[in-house]
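# Remarks on the overall topology
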Amino acid sequence: MGTGLGGLLEQAIHSATGVPRLYTAAIRAGLGPSGAMEVLLVSQAALAAAAKHGRGVPGRSNAMRHFLWQAVLTARFGADVARSVAAAQETGASRARDSRVDEHNNAAGQAYGAAHAARLSAGSAGDAVDSLVPEALAMWEAGELVWVRPR
């Protein structure tokens, strides 16, 4: 997204429309209202965990958020739903480089979620996300999760 006042406005609009965008994407992907609400719970849990454990290192929080979010969504609802919700999140994003990085981290989460679906489907959304934090940090350190480096 851009910089300056226009960029801040663009970011605010993108953020403010996030919840309805994700809810609608979940419904369109075939989930009912309770499933769509769970998508929002997973999204919130991933955002909180990434903010708590990813801060202090440029790009780490965003990379972790996408990985955590997509891993749990894939485990609980399947890759098609996870991809649909991820595509809805990118709607309106104006930075192609940032979207490509998000797609990379989303794909890493989707692969992990598919491979560990039984474990990540049990318990609450928050517990599932929190259980993945050590894995996300290890993947970040190994360079498996990426970020947009400043030019």
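All of the points below concern the structure found in this document. Everything numeric in this text was worked out from a predicted model, so none of it was measured.

## What to know about the packing of aromatic side chains
Evaluation of the coordinates by the stated rule reveals one aromatic pair. Ring centres of Phe67 and Tyr112 lie 5.6 Å apart, and the angle between their planes is 65°; this geometry places the pair in the edge-to-face category. Taken together, the positions of Phe67 in helix α4 (residues 60–77) and Tyr112 in helix α6 (residues 96–115) put the pair 45 residues apart, joining distant regions of the chain. According to the relative accessible area criterion, Tyr112 is buried, its value standing at 14%.

## Some thoughts on the side chain of Arg76
The residue Arg76 is located in helix α4 in this model. We classify Arg76 as buried; its relative accessible area is 18%. Separated by 2.5 Å, the side chains of Arg76 and Glu38 make a polar contact. A polar contact is formed between the side chain of Arg76 and the backbone oxygen of Ser124, at a distance of 3.1 Å. Those residues within four positions of Arg76 in sequence are excluded, and the remaining contacts are Glu38, Leu120, Ser121, Ala122, Gly123, Ser124, Ala125 and Ala128.

What counts and how
Residues numbered from 1 in each chain as written. Predicted model: local features only at pLDDT ≥ 70, side-chain atom pairs only at ≥ 80, totals over all residues. Heavy atoms only, no water. Phe/Tyr/Trp six-rings, centres within 6.5 Å; stacked < 30°, edge-to-face > 60°. Helix = DSSP H or I, 4+ residues; strand = E, 2+ residues; numbered from the N terminus. Buried < 20%, exposed > 50% of the residue type's maximum accessible area, 1.4 Å probe, protein only. Polar contact = N/O pair within 3.5 Å; in protein donor to acceptor, adjacent residues only side chain to side chain. Contact = heavy atoms within 4.5 Å.

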